[in-house]
Amino acid sequence: MSETIVSLRNIRKRYTRGKQHVDVLEGLTLDIPKGEFVALMGPSGSGKTTLLNLIGGLDKPTSGEITVAGQRLDQLGGGALSRWRARHVGFVFQSYNLMPMLSAQRNVELPLLLTNLPAAQRKANALAALTLVGVADRAKHKPAELSGGQAQRVAIARALVADPTILVCDEPTGDLDRKSADEVLHLLQTLNRDYGKSIIMVTHDPKAAEFAGRQLHMDKGALAESG
Amino acid sequence: MKFFPLIWATLWRKKARTIFTLLSIVVAFLLFGVLETVDYAFAHPSTGTSGANLLITLNKYSITLSLPFSDEQEIRSVPGIADVTWLTWFGAYYQEPKQFVFALPIDIDTYLGIHKGDFVYDDTQMQAFRNTRDGAFVNTELMKKHGWKIGDRIPLHSTIWTQKNGSLDWNFLVVGVYDVTDPTQRNQQASTFLFHYDYFDEGRSFGKGNVGWYEERVEDAAQSAAISARIDALFANSSNETKTQPAKDFALAFIKQLGDIGFVLRAILGAVFFTLLFLTGNTMMQSVRERIPELAVLKTLGFTDANVLGLVLAESLLLCAIGALLGLAASYGALPIIKQGLQGVELSPLALLPGIGVAVLLALIVGLPPALRAKRLNIVDALAGKH
C-alpha cells in the first residue's frame, strides 16, 4: 500500500464577507497517495482553488483535519506554515507570477534564499533546475523577454528548485497556447513519472486533465466523482 | 546579504521614480549637511586654540552701539592685558554695493602690537603709511581683485559715516600692501583695507570720541575668561556696559545679530524633511501597492511575514542611505565654499554625523507603514487580486 501524501478529513471552509457567509467546502474527505498526478476539475466556484490553497498551506480550513507530507497543517501557526511551505511545496500559477525585475535564474533562486546554501550552490541549483525544464539558455533573460511557455517553464523550475515533496499547480496552462500547454503538461508528466513528484493540478481543460493519473471532479464544495 | 540582489532589483523596479526620489533625498541631505554644519559652527564657536589670547570688547546690548574712547585706559589697566586697540565698523564698498570692502580704521601702533607677526609687509611702505594721513594699507588679495596699484587714489563709499561735508564717499591713497603670515587666514583677510583712525575720527560728522569695539591681547590665554569678566565688571551698571568675548566668537556673534540662526536653520530643515517625508513615504507606499502580487508570491514560496517586513524596510533604508550619503558627501565637498562665504567661522565635518541618524529615522518612518502592510498581506486575497 503506497504512502499517503495528502489526507483531508471532513474539511469545511467558510468565507465571511461582512454579514454574508459562503460555505466553499463542505465536509470534504480525500486521500492522495505519494507520487500521484491528480487533476482537480470542476466549474468555477466549485472550490477547486480553495482546496488547492488548503493543500498548499496557503489557507486554513474552518474545521477538519488536513495532513500533508506528514504534517497537520490545520495546527500550524503563520511562521511555521511559511517554513513548512518552503520545505515541502512548489507552486505553479496560471500567470507564472515571476518577479519582473529579476532574471530567470534569480527568479528560480528565490526559494533557495530561505536555505543556508552558499551563493555559488544556489546559482548551480537554479541552473540545474532550468536545465531540467529545458530553458537553461534563457537564464539571464527577464520574464518580459520570455514567451509564455518559457516563462511557465521558469516558474516550474522555481517550484522544483528546493526539491519539494509536492507540486501544486493552479491552471498552469490557462494562459498558454495549445502547443506550449502540451509541452508544459508533458514536462509535469515527466516530473511525476521519472522523478516521482506528487502533483496536484487544478484545470478547466479536459485535455490537460488527461495528462494526470487521476481526475477528481468537484461541484458545490464536494467531490462529485473520480475518473 | 543574500537578500541584497532582490532588494536592489526591487529598488530599481521603476528606475525613473527611484532616481527622482533619490535626487530629492540627495538635495535634502545636501541642505541638511550645509545648514547643520553652519548651525554646529554657531553652537561650538571656540573649538580651536588659535586666537584664544585675543579678546573683543563691545557694547553689551548691540554691536551697533559704540563705546567711549575713554574706556581704553581702564581696559589697559586690567592685569593680564598686554595690549589694547580700538576699531569701528566702517561699512564700505567700492563703486557698487556688491563690492564689499572690509575697511577698518586703525591705530597703527596698538593694532600692530595686537597682531604682532600676523602680517608680512615692506617696512618702507609701512613708514609711508605712518606718514600719510589719508593713506591706506591694503591686503594683496584685494589689490589683485580690483587691479589697484600703490599710488592709486581709491574712493570708498561708507554706508554709515558721513564726512563733515555730508558726503559718504571717502578718498584714500594706497601707500602699501600686506599679506597674512597664516595661509588659513588668507580668505578671512582678503577684503581688508586698513586706514588711519585719526583720519576717520576727524573726518566723520558724528560719533567723535567713540569706538565700535576694543580688541585686547592677553598675556596668558588660559586667563581669557577671568580677564573678560574683569573688563566687563569695570563697566557694569555704567551707561555703556560691555560684553567681552574671545575674538573667534566675535564673527559669530556679529552674524547672530541677524536673529536666532539655529532656529532659522532648524525651521528650514524641518520644512524640507516634512516635505521629504510625504514624498518618500508616498513613493514607498505606491511601490509596495504595485507589488502586492509579487509580495504574495514571496510569501507563497515560504517567506515569512517577518522576512517580507524586513525586505520592505531594507529597501526603504537602502534608498534613504544612498540619498543621505550622496547628499552628505556633496555637503562635505561644499565645506570650503561655505567657509569662504562665512569668513571667520570654523566648520567641522563632525556636524554631518547626525545626518546618518536622520537617514535611518527617515527610512523607518517612511518604510514602516508599507512594510507593515506587506507583513499583514493575506496570500489568498492578494493572489486573487482582492487587495
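Further up the page is the structure itself.
Residues numbered from 1 in each chain as written. Chains lettered and ligands numbered in written order. Predicted model: local features only at pLDDT ≥ 70, side-chain atom pairs only at ≥ 80, totals over all residues. Heavy atoms only, no water.

Of regular secondary structure, chain B possesses 16 helices and 13 strands. Compactness check: chain B gives a C-alpha radius of gyration of 30 Å against a globular reference of 21 Å for 387 residues, more than 25% above the reference. For chain B, with 387 residues in total, the buried portion stands at 49%. For chain B, long-range pairs separated by at least 24 residues make up 78% of all intrachain contacts whose partners lie at least 6 apart in sequence. Within the structure as shown, chain B displays about 18,000 Å² of accessible surface, and the carbon and sulfur contribution to it stands at 61%. Placing the 33 positive and 35 negative side-chain charges of chain B at their respective mean positions leaves the two points 15 Å apart. (Helix = DSSP H or I, 4+ residues; strand = E, 2+ residues; numbered from the N terminus. Rg over C-alpha atoms; globule rule 2.2 N^0.38 Å. Buried < 20%, exposed > 50% of the residue type's maximum accessible area, 1.4 Å probe, protein only. Contact = heavy atoms within 4.5 Å. Areas by Shrake-Rupley, 256 points an atom, 1.4 Å probe, with all protein chains shown as cover. Lys, Arg positive; Asp, Glu negative; His and termini not counted. Charge placed at Lys NZ, Arg CZ, Asp CG, Glu CD.)

Residues and elements named next belong to chain B. Relative to each other, helix α1 (residues 4–11) and helix α13 (residues 305–333) sit at 65°, their axes nearing to 10 Å. Classified by the interaxial angle, the pair formed by α1 and α13 is roughly perpendicular. Two packed elements cross with a definite hand, and for α1 against α13 that hand is right-handed. Note on element contacts: α13 touches α1 through Leu-311, Ala-314, Glu-315, Leu-318, Leu-319 and Ile-322, opposite Phe-4, Leu-6, Ile-7, Trp-8, Thr-10 and Leu-11. (Axes fitted to C-alpha atoms, helices over the stretch in contact; angles between N-to-C directions. Parallel < 35°, antiparallel > 145°, perpendicular 65-115°, else oblique. Left-handed = near helix turned anticlockwise from the far one by under 90°.)

A few words now on the nonpolar core. Among the nonpolar cores identified, the biggest contains 85 residues, and Val-6, Leu-8 and Leu-51 of chain A together with Leu-6 and Phe-29 of chain B are the most heavily contacted of them. Residue contributions to this core peak at ten residues, all from α13 of chain B. One finds Val-108, Leu-130, Leu-188 and Met-201 of chain A within the second-largest nonpolar core, a separate group that totals 39 residues. (Core = buried A, V, L, I, M, F, W, Y, C linked by side-chain atoms within 4.5 Å.)

Before going further, it helps to examine helix α6 (residues 178–195) of chain A. Residue and element names in this part refer to chain A. Under the 1.5 Å per step criterion, the end-to-end length of α6 is 25 Å for 18 residues, consistent within 8% with the ideal 26 Å. The distance from a side-chain oxygen at the start of α6 to the backbone nitrogen of Lys-179 is 3.1 Å, and the residue carrying that oxygen is Asp-177. A positive backbone phi angle near 70° is found at Gly-196, which sits one or two residues after α6. (Expected span 1.5 Å × (residues − 1). Polar contact = N/O pair within 3.5 Å; in protein donor to acceptor, adjacent residues only side chain to side chain.)

Counting from both sides, the interface comprises 26 residues of chain A and, opposite them, 22 residues of chain B. Across the chain A/chain B interface, buried area totals approximately 2,100 Å², and carbon plus sulfur atoms make up 69% of it. The largest share of the area that chain A buries against chain B comes from Met-101, Leu-113 and Leu-114 of chain A, three residues that together contribute 26% of it. In this structure, the connection of chain A to chain B is made through one salt bridge. Where the side of chain A that touches chain B is concerned, the elements lending two or more residues are β1 (4–17) and α2 (78–88) of chain A. (Buried area = accessible area lost by both parts, 1.4 Å probe. Salt bridge = Lys/Arg side-chain N within 4 Å of Asp/Glu carboxyl O.)

With that out of the way, let us pick up unusual backbone geometry. Positive phi, normally seen in glycine, also occurs at Asp-163 of chain A, with a value near 55°. Tracing the sequence through the fold places Asp-163 of chain A in the loop between α5 (148–160) and β7 (166–170). Backbone geometry places Asn-237 of chain B, a non-glycine residue, at a positive phi of 65°. Tracing the backbone shows Asn-237 of chain B in the loop between α9 (224–234) and β13 (242–246).

Once that is clear, we can look at the environment of Leu-216 of chain A. Residue and element names in this part refer to chain A. Within the secondary structure, Leu-216 is located in strand β9 (residues 214–219). For Leu-216, a relative accessible area of 1% translates into the label buried. A C-alpha to C-alpha distance of 11 Å links Leu-216 and Ile-32, two positions 184 residues apart in sequence.

Bringing the sheet that holds strand β4 (residues 63–68) of chain A into the picture now. Residues and elements named next belong to chain A. Sheet architecture is open: four strands sit in the order β2-β1-β4-β5, paired in antiparallel fashion. Because the sheet does not close on itself, it has two edges, and the strands there are β2 (20–33) and β5 (71–72). Summarising the sheet, β1 and β4 pair through five bridges and their orientation is antiparallel. Bridge pairing in β4 places Leu-8 opposite Ile-66. (Pairing = 2+ DSSP bridges.)

All names here are of chain B. With respect to topology, four strands assemble into an open sheet ordered β3-β12-β1-β13, the strand pairing being antiparallel. At either margin of the open sheet sits one strand with a lone partner, and together these are β3 (81–87) and β13. Direction aside, the axes of adjacent strands within the sheet are offset by 25° on average. Strand direction decides the pairing type here: strand β1 (residues 54–59) and strand β12 (residues 213–218), joined by five bridges, are antiparallel. Each bridged residue has a counterpart across the sheet, and for Leu-58 the counterpart in β12 is Trp-213.

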